[in-house]
Amino acid sequence: MFNISLKSSALAVVLSVTAATAIAQKVQEPKPWSEEWAKPYQPFRIAGNLYYVGTYDLACYLITTPQGNILINTGLAASAAQLKNNIKTLGFKFSDIKILLNTQAHYDHMGAMAFIKKKTGAQLMIDEKDADVLKDGGSSDYALGGKASTFKPVTPDRLLHDGDTITLGNMQLVMLHHPGHTKGSCSFLFTVSDEQKSYKVLIANMPTIVTDSSFTSINSYPAIAADYAYTLKAMKNISFDIWLASHASQFNMHSKHQPGDAYNPAAFIDQPGYDGAINDLQKKYEKKMKENE
């Protein structure tokens, strides 16, 4: 009996390890849609205690406080090393990340999230509508999902709702629920200050349409059309000084900042650029709706 129990236990361990390995092997990050997603970029100070630490196009933001730092977005899985080096280059410690946030549950922004959470012990806070997609690594995403996870699954520590506040040290960020691109896409609104003035900052998750399917055919997301309509309307009524986005290309970062440029928050004050981007997305939404008729 004892030998049988040992064999049974050993078999159970082997099966458990095999199952875990199989699950791990199911993470298949798609090839980046653009080489610029993985291309390195020199980190820089945007305004006050807000810094850009992402790649050439995948925007990641570090907000520093005396009680630790907040990281928004992580880029691809391989971006973890770049993020760590960029944060170190700016004079901050990777281990000082206390809160992790995300603007959308897609692999190009979630790729390194599980790794960074494990390494830093930071608390992951996410829009509640993206929680399920995080837990299965994107496999249930209505547009990019499939049989395999596209990023390593991770369980959030706090679920956020529209208008919730994230607080760390002297910083308070308000999460704005902006669904459509994903069910839990969101933006963040907060204020930073430097020696001269304060700036109200919007990190906007732009409601781009990621699916080629008609909205009416997406059974796993029946509210998609209504969510896009809601988000486009809500984003037209936000007051801010500086706006940024999930991708550098979405807010024309490279026309506003070049590596080595002096600190210049004014370069990111661009209401016409924001209005133009939202209006363009509104037109694309209306075109999509007509195609659904």
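The preceding data block contains the structure.
Computed from a predicted structure; not experimentally measured.

Asks: Quick question: what am I supposed to make of the pairing of strand β1 (residues 44-47) here?
Replies: Where β1 lies against strand β2 (residues 50-52), three bridges are found, and the strand directions are antiparallel. Within β2, the residue paired with A47 across the bridge is L50. Where β1 folds back onto β2 in an antiparallel hairpin, the turn is made up of two residues, including G48, whose phi is positive at roughly 55 degrees.

Asks: Sorry, what's going on with unusual backbone geometry here?
Replies: Excluding glycine, a negative phi dihedral is what most residues carry, and trans is how most peptide bonds are arranged. Here N73, not a glycine, exhibits a phi torsion of approximately 75 degrees, which is positive. Along the chain, the position of N73 falls in the loop between β4 (68-72) and α2 (79-89). Residues other than glycine seldom take positive phi values, yet N252 does so here, at roughly 55 degrees. For N252, the location among the structural elements is in the loop between β12 (242-245) and α7 (253-256).

Asks: I tried to follow a positive patch on the surface on my own but got confused; where do I start?
Replies: Among the surface-exposed residues, K84, K88, K118, K119 and K152 lie close enough to one another that they form a single positively charged patch. Going through the elements one at a time, α2 and α4 (113-120) are the ones with two or more residues in the positive patch. Turning to its location among the elements, K152 is positioned in the loop between α5 (131-135) and β7 (158-160). The class of K152 is exposed, set by a relative accessible area of 52%.

Asks: Looking at this structure, how should I read the pattern of salt bridges?
Replies: Evaluation of the coordinates by the stated rule reveals four salt bridges. Residue R45 is joined to E195 by a salt bridge in which the shortest nitrogen-to-oxygen separation is 3.9 Å. Of this pair, R45 sits in strand β1 while E195 sits in the loop between β10 (186-193) and β11 (198-204), and the two are 150 residues apart along the sequence. D157 is paired through a salt bridge with K117; the nearest N and O atoms lie 3.1 Å apart. Of this pair, D157 sits in the loop between α5 and β7 while K117 sits in helix α4, and the two are 40 residues apart along the sequence. Taking the relative accessible area as the measure of exposure, D157 reaches 39% and is therefore partly exposed.

Asks: Please explain the side chain of T103 as it appears in this structure.
Replies: You can see T103 is positioned in the loop between β5 (97-101) and α3 (107-110). Polar contacts involving the side chain of T103 include one to the side chain of S246, which spans 2.8 Å. What T103 contacts, discounting residues up to four positions off in sequence, is I72, N73, G184, S185, C186, F188, I203, N205 and S246.

Asks: Whenever I open this one, the packing of helix α6 (residues 224-235) against helix α8 (residues 271-292) confuses me. Can you help?
Replies: The description of two packed helices rests on the angle between their axes and on the distance between the axes. Closest axis-to-axis distance for the α6/α8 pair is 10 Å, and the angle between their directions is 160 degrees. Between α6 and α8, the angle is such that the two are roughly antiparallel. Crossing of α6 against α8: the hand is left-handed. Note on element contacts: α8 touches α6 through Y274, I278, L281, Q282, Y285 and M289, opposite A225, Y228, A229, L232 and M235. The residue makeup of the contact of α6 with α8, split by class, is 10 nonpolar, one polar and no charged.

Asks: What is the right way to look at the nonpolar core in this model?
Replies: What tends to happen in soluble globular proteins is that the nonpolar side chains get buried as a cluster. Y61, L101, L173, F190 and L244 are the most contacted members of the largest nonpolar core, which totals 59 residues. Excluding its chain neighbours within four sequence positions, the residues that come into contact with L173 are I63, I70, I72, L101, D164, T165, I166, F188, L189 and F190. Judged by nonpolar contacts, the second largest core, of 28 residues, contains W37, Y51, L76 and A114.

Asks: Mind showing me how you'd approach the sheet that holds β10 here?
Replies: Through backbone hydrogen bonds, the strands of a sheet pair up, either in parallel or in antiparallel fashion. Read across the sheet, five strands follow the order β8-β9-β10-β11-β12 without closing on themselves; strand pairing throughout is mixed. Of all strands in the sheet, those with a lone pairing partner are β8 (165-168) and β12, marking the two edges. Recorded for the sheet is a direction-independent mean angle of 20 degrees between the axes of neighbouring strands. As paired strands, β10 and β11 are joined by six bridges and run antiparallel to one another. Considered in β11, the bridge of F190 is made with V201.

Rules behind the numbers
Residues numbered from 1 in each chain as written. Predicted model: local features only at pLDDT ≥ 70, side-chain atom pairs only at ≥ 80, totals over all residues. Heavy atoms only, no water. Pairing = 2+ DSSP bridges. Helix = DSSP H or I, 4+ residues; strand = E, 2+ residues; numbered from the N terminus. Patch = residues over 30% accessible without salt bridge, like charges linked within 9 Å, V, L, I, M, F, W, Y side chains within 5 Å. Areas by Shrake-Rupley, 256 points an atom, 1.4 Å probe, with all protein chains shown as cover. Salt bridge = Lys/Arg side-chain N within 4 Å of Asp/Glu carboxyl O. Lys, Arg positive; Asp, Glu negative; His and termini not counted. Charge placed at Lys NZ, Arg CZ, Asp CG, Glu CD. Buried < 20%, exposed > 50% of the residue type's maximum accessible area, 1.4 Å probe, protein only. Polar contact = N/O pair within 3.5 Å; in protein donor to acceptor, adjacent residues only side chain to side chain. Contact = heavy atoms within 4.5 Å. Axes fitted to C-alpha atoms, helices over the stretch in contact; angles between N-to-C directions. Parallel < 35°, antiparallel > 145°, perpendicular 65-115°, else oblique. Left-handed = near helix turned anticlockwise from the far one by under 90°. Nonpolar A, V, L, I, M, F, W, Y, C, P; charged D, E, K, R; others polar. Core = buried A, V, L, I, M, F, W, Y, C linked by side-chain atoms within 4.5 Å.

Treat this as a map of the structure, not an account of what it does.
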